[in-house]
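What follows is each chain in one-letter form.
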4 protein chains.
Amino acid sequence: MGVTAKKPYQLVSKENLKVYSTVKVGQAIFGGEEVQIIAGPCAVESREQILSSAAAVAIAGGKLLRGGAFKPRSSPYSFQGLAEKGLELLNEASKRYSLAVVTEIIDEYSLAAAKDAVDMVQIGARNMQNFNLLKLVGKSGKPVILKRGLSSTIEEWLLAAEYIMAEGNCQIVLCERGIRTFEPATRNTLDLSAVPIVKELTHLPVIVDPSHATGIRNLINPMSKAAIASGADGLLIEIHPNPEKALCDGAQSLNLSQYEQLIKELRPVANAVEKRLGKPGMTKLGGN
Amino acid sequence: MGVTAKKPYQLVSKENLKVYSTVKVGQAIFGGEEVQIIAGPCAVESREQILSSAAAVAIAGGKLLRGGAFKPRSSPYSFQGLAEKGLELLNEASKRYSLAVVTEIIDEYSLAAAKDAVDMVQIGARNMQNFNLLKLVGKSGKPVILKRGLSSTIEEWLLAAEYIMAEGNCQIVLCERGIRTFEPATRNTLDLSAVPIVKELTHLPVIVDPSHATGIRNLINPMSKAAIASGADGLLIEIHPNPEKALCDGAQSLNLSQYEQLIKELRPVANAVEKRLGKPGMTKLGGN
Amino acid sequence: MGVTAKKPYQLVSKENLKVYSTVKVGQAIFGGEEVQIIAGPCAVESREQILSSAAAVAIAGGKLLRGGAFKPRSSPYSFQGLAEKGLELLNEASKRYSLAVVTEIIDEYSLAAAKDAVDMVQIGARNMQNFNLLKLVGKSGKPVILKRGLSSTIEEWLLAAEYIMAEGNCQIVLCERGIRTFEPATRNTLDLSAVPIVKELTHLPVIVDPSHATGIRNLINPMSKAAIASGADGLLIEIHPNPEKALCDGAQSLNLSQYEQLIKELRPVANAVEKRLGKPGMTKLGGN
Amino acid sequence: MGVTAKKPYQLVSKENLKVYSTVKVGQAIFGGEEVQIIAGPCAVESREQILSSAAAVAIAGGKLLRGGAFKPRSSPYSFQGLAEKGLELLNEASKRYSLAVVTEIIDEYSLAAAKDAVDMVQIGARNMQNFNLLKLVGKSGKPVILKRGLSSTIEEWLLAAEYIMAEGNCQIVLCERGIRTFEPATRNTLDLSAVPIVKELTHLPVIVDPSHATGIRNLINPMSKAAIASGADGLLIEIHPNPEKALCDGAQSLNLSQYEQLIKELRPVANAVEKRLGKPGMTKLGGN
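Cut-offs applied
- Residues numbered from 1 in each chain as written.
- Chains lettered and ligands numbered in written order.
- Predicted model: local features only at pLDDT ≥ 70, side-chain atom pairs only at ≥ 80, totals over all residues.
- Heavy atoms only, no water.
- Axes fitted to C-alpha atoms, helices over the stretch in contact; angles between N-to-C directions.
- Helix = DSSP H or I, 4+ residues; strand = E, 2+ residues; numbered from the N terminus.
- Left-handed = near helix turned anticlockwise from the far one by under 90°.
- Contact = heavy atoms within 4.5 Å.
- Nonpolar A, V, L, I, M, F, W, Y, C, P; charged D, E, K, R; others polar.
- Phe/Tyr/Trp six-rings, centres within 6.5 Å; stacked < 30°, edge-to-face > 60°.
- Buried < 20%, exposed > 50% of the residue type's maximum accessible area, 1.4 Å probe, protein only.
- Core = buried A, V, L, I, M, F, W, Y, C linked by side-chain atoms within 4.5 Å.
- Least-squares fit on C-alpha atoms with pLDDT ≥ 70 in both.
- Expected span 1.5 Å × (residues − 1).
- Disulfide = S-S within 2.5 Å.
- Buried area = accessible area lost by both parts, 1.4 Å probe.
- Salt bridge = Lys/Arg side-chain N within 4 Å of Asp/Glu carboxyl O.
- Polar contact = N/O pair within 3.5 Å; in protein donor to acceptor, adjacent residues only side chain to side chain.

## Here we look at the packing of helix α1 (residues 47-59) of chain B against helix α2 (residues 84-97) of chain B
The description of two packed helices rests on the angle between their axes and on the distance between the axes.
Residue and element names in this part refer to chain B.
For step 1, the next point in the chain: Between α1 and α2, the shortest axis-to-axis distance is 9 Å and the interhelical angle comes to 35 degrees. Our pair here, α1 against α2, has a crossing hand that is right-handed. Facing Arg47, Ile50, Leu51, Ala54, Ala55 and Ala58 of α1, the residues of α2 in contact are Leu89, Leu90, Glu92, Ala93, Arg96 and Tyr97.
For step 2, the next point in the chain: Residues of the contact of α1 with α2, tallied by class, amount to 9 nonpolar, no polar and 3 charged.

## Side note on the packing of aromatic side chains
All names here are of chain D.
For step 1, the next point in the chain: The full count for this structure, using the stated rule, is 8 aromatic pairs over all chains.
For step 2, the next point in the chain: Consider the rings of phenylalanine 70 and tyrosine 109, whose centres lie 6.5 Å apart with planes at 85 degrees: the pair is edge-to-face. With a gap of 39 residues between them, phenylalanine 70 in the loop between β4 (64-66) and α2 (84-97) and tyrosine 109 in helix α3 (residues 108-115) connect regions that are remote in the sequence.
For step 3, the next point in the chain: On the accessibility criterion, phenylalanine 70 (7% relative accessible area) is buried.

## Digging into the nonpolar core
For step 1, the next point in the chain: Among the nonpolar cores identified, the biggest contains 167 residues, and Leu146, Leu174 and Leu192 of chain B together with Leu146, Leu174 and Leu192 of chain D are the most heavily contacted of them.
For step 2, the next point in the chain: Core analysis: the second largest hydrophobic core is formed by 164 residues, Val121, Leu235 and Ala270 of chain A together with Val101 of chain C among them.

## Points about the relation of the copies chain C and chain A
For step 1, the next point in the chain: Between the two copies, chain C and chain A, the superposition gives an RMSD of 0.0 Å; the rotation angle is 180 degrees and the shift along the axis is 0.0 Å. Taken together, the rotation and translation describe the operation of a two-fold axis. Judged by C-alpha distance, alanine 226 of chain C is the residue of chain C that lies nearest the rotation axis, at 2.0 Å.
For step 2, the next point in the chain: A share of 100% of interface residues in chain C that are also interface residues in chain A marks the association as one of identical surfaces.

## Re helix α5 (residues 154-165) of chain B
All names here are of chain B.
For step 1, the next point in the chain: A rise of 1.5 Å per residue sets the reference length of α5, with its 12 residues, at 16 Å; its end C-alpha atoms lie 16 Å apart and thus fit the reference within 8%.
For step 2, the next point in the chain: A large share of α5 lies buried, amounting to 11 of its 12 residues.
For step 3, the next point in the chain: Taken together, the buried positions of α5 are occupied by Ile154, Glu156, Trp157, Leu158, Leu159, Ala160, Ala161, Glu162, Tyr163, Ile164 and Met165.

## Observations concerning the state of the cysteines
For step 1, the next point in the chain: Counted by the stated rule, this structure contains 4 disulfides over all chains.
For step 2, the next point in the chain: Between the sulfur atoms of cysteine 42 of chain B and its disulfide partner cysteine 248 of chain B the distance amounts to 2.3 Å. Looking down the S-S bond of the cysteine 42 of chain B and cysteine 248 of chain B bridge, the torsion is -105 degrees, so its handedness is left-handed. Of this pair, cysteine 42 of chain B sits in the loop between β3 (34-40) and α1 while cysteine 248 of chain B is found in the loop between β10 (234-238) and α9 (256-272), placing the two residues 206 residues apart along the sequence. Both residues of the pair, cysteine 42 of chain B and cysteine 248 of chain B, count as buried.
For step 3, the next point in the chain: With no disulfide of its own, cysteine 175 of chain A lies 14 Å from the sulfur of cysteine 42 of chain A, the closest cysteine sulfur.

## Observations concerning the interface of chain C and chain A
For step 1, the next point in the chain: On the side of chain A, 35 residues touch chain C, which itself brings 35 residues to the contact.
For step 2, the next point in the chain: Together, the buried faces of chain C and chain A total about 2,500 Å²; carbon and sulfur atoms form 73% of this surface.
For step 3, the next point in the chain: The tally of links from chain C across to chain A stands at 2 salt bridges.
For step 4, the next point in the chain: A salt bridge links arginine 148 of chain A to glutamate 183 of chain C; its shortest N-O distance comes to 2.7 Å.
For step 5, the next point in the chain: Inspection of the chain C/chain A interface yields 6 residue pairs in polar contact (both at pLDDT 80 or more).
For step 6, the next point in the chain: Considering each element in turn, the side of chain C that touches chain A owes the most residues, 7 residues, to helix α8 (residues 217-229) of chain C.
For step 7, the next point in the chain: Looking at the side of chain C that touches chain A, its residues break down into 19 nonpolar, 10 polar and 6 charged.

## Points about the interface of chain A and chain B
For step 1, the next point in the chain: At the junction of the two partners, chain A supplies 28 residues and chain B supplies 28 residues.
For step 2, the next point in the chain: Note on chain A versus chain B: buried area summed over both sides is about 2,300 Å², and carbon and sulfur give 47% of it.
For step 3, the next point in the chain: Along the contact surface separating chain A from chain B lie 2 salt bridges.
For step 4, the next point in the chain: At the boundary of chain A and chain B, one finds 15 residue pairs in polar contact (both at pLDDT 80 or more).
For step 5, the next point in the chain: At the level of elements, α4 (131-140) and α5 (154-166) of chain A are the ones that each hand at least two residues to the side of chain A that touches chain B.
For step 6, the next point in the chain: Split into classes, the residues belonging to the side of chain A that touches chain B amount to 10 nonpolar, 11 polar and 7 charged.

Encoded structure:
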């Protein structure tokens, strides 16, 4: 766009759109004053598991439930998700608790399956440069969370978003989830500097996933606070009614009462940077 | 394999198959005494370009021509390849010079298109953990070059190969192509230690791509020698009749006379580690 | 400590001391409820420069002034600091504004020179494994800021602290200042996860240097907030009365009014995590 | 050098000296046709250990013995070397087998102790940016091996050499010893591309240390071959008469017969790149 463009990306650039974009999913608006906390289990495992997770999300004032139905796993022998059955369960949880739902898609098939079943799709770190998938999501017009690849530069990440937007889909939320470094103490190194950089370079909302970034339960709380303080528009957090029995990522999942405590502690931090969290949903749920 | 397996991969493990596998593609055998030099342009650009590249490969004693028809590019605005037209040109070059051909596939569509048109497919670094593509290539039974992801551990790389082999396809050649590090002097850091490690952990052949690893023309020669000395079963090298005008990766491509000189210098190195290069094809081509 | 110790460090370990240590320097206490903001220029350049910086620190409620007298520089041709003259100017600023002062020491000579001139010394990232220097600082008994090496694991960092403490010096404040990664957008990658990890493994206070970590002025504000939200006991910030004319690190230095604004914005963040900043010093200075 | 210099280093640059420097130490010449193999134990442990190592070096045609007397160790509780006693033993071994000796120095004290006792000093990776030590070695005029820091860019490494040369000492041999990356399979990642890059940018000789780079005994052989094939002027190899009982780095040390076999296999590789190894010293030793 234009002869003076020096950046390799254009549509996602702040030079293209001087105001910050907002992305609306269900009742959640990314990019506004309210910090969106997306929570849920790594993988949908059972009706009971997803319903109790959804209840916790709703009670805490969350507007989005996450849950994996199609899981990309490093090993062919690991649990690969419940697929369509998982989508059905997400759908039931969504209706019961008036939550929007987001799930990861990994190929053309899972995108087609998820398209009408969920409100928002997620492209995972490993697929950030799966250009065919980026184009398909671009054409689908679905709101999408685009995770940063685990060794992707910020520029490559924005170019991946450009692929989606070049197909006409502007409903993009970027998600920092840790990069690969030499440090063995955490699964990845959460690069929070990416938040203000993305805010400077693009008009897109950006959220942070401290669960995948650190891989350590005890770090979720301080890193969630840090993410909000750095200016993030939201968080993506793994919770599980019984983390010890989780089929994946148990070690980094909060149980439901840890999650409730976290949300309580995040409110003053959001306020300190002139943002706010969604109101707790106790009353409404109590009315059901 | 079996209950005592401690490694997360099984089929690709040396514990599963005590002898080294060989992979036969056209007249080339990977994993034997002969070091296979695959060469060709980053992208097929024109009939003249691919035919003159193919001639250089054949003259130098090579048995495999590479050429990209479907290009995965970081930017949606970069040249994306000639697609089917590229495959046709590869096919013509293949027949004229009796070379097997290898091309990168990036999704279900390009795999279907390439399946009957080429002898071997390649899964690029960015798709190393595109698990759906790994499974499709596994089912296709095509010989495949599996490049290491640019921030993949060796274990993750072998697990990606396991995905292919778990679908019944044993025709896998691993390819080290550099990993992402802090060093800015080269595009990536060529990790040659991966060669003997892979040889210790698996029965699969492993080759090296010094062109993508370094991104610098002058380094191709010394790094090719080093790769063979480290025990690599082959090389993957970018050449172009006119690198200055290449549509991609010109800065790292050898011109045809540099390539000829390289092959000449590689012969004694291969011999020094008790391997050999294919015999120069002058006579035969001269007879045409 | 003792036979069951599995960690390679002992004295610095939380298993050795169950309560958090505090380190007192002048009127500042690291490791308590008050977040300590250390600020000042990269290098002491002139009387005017250091005095106006010191005034800004005092007005903002800071208790510690930093300033480099002995500069370790990558190139032998870069400005290497004013040495003893720099220490004298720091001393003058210290007295005039009732601030404690901290300066980097780089060898036996600079340590001897600084010992009586400053309140606290700093071991920089490049010297984190200069074991001789660690021992000398250990013997000196001076309060010390120990920066994390730019490619040091957290374990190596704690072992470096162990070297100091093994000589009998417990006055150690750890400082995270960014690690080296592949990402080119920032000078280093600020690893804020290190803060809660250090808090879990050791009893020592830990502060964060967002200036060196990011190398970008605009990132100091959000990353300072994030650091405090993550649980850091303090910050180390580069300020300069005239960053455009700074002899080193101008691009990452705040000017004095940006610094004042930063402190104002940090107060509610500290409060949100149940900490506080030092009270602004206007009245007292006004009385001089 | 001069106003047109764009590189931050000058004296070490090839633009400063168009021909390659050679560094003579005892009977060894670095930077010529002969590849210099420096070998010996990580640390001098006993008279018997260093003498039998020295014998193996001499028999294999080596001209330089290495052995650590002052050891920089990550933990204050690890073996720190025999200091002066170690230097004495090195000296005895040197005389008996007519070998030059090289040892690591870590501070002013060890440099003073080593200066008259050894032929060449080594600055280790952790001290590559210990600028005071660089200057002291520069002033000493001693031939020096300057190891690359484990997260140093090539440019920073050359600037460290510039510090030494700026003090008038041109007897510098650079040594690539692996860089820190995300890959856990090896201790560090050997960056062999650094060899031809250094050859292009500077006039200084460059050698490779596959022992520290990989940390794995089985990789020494293939990586030594690769290093020579890439153009290295020499190797630095850890050997030990009884690696299982070594006080440090046993897992990466070759025993003496493995070392003998290595040298045998390296000769044809050196010849393949138009270099050669020193002649085996059997006859001469037999005459003693």
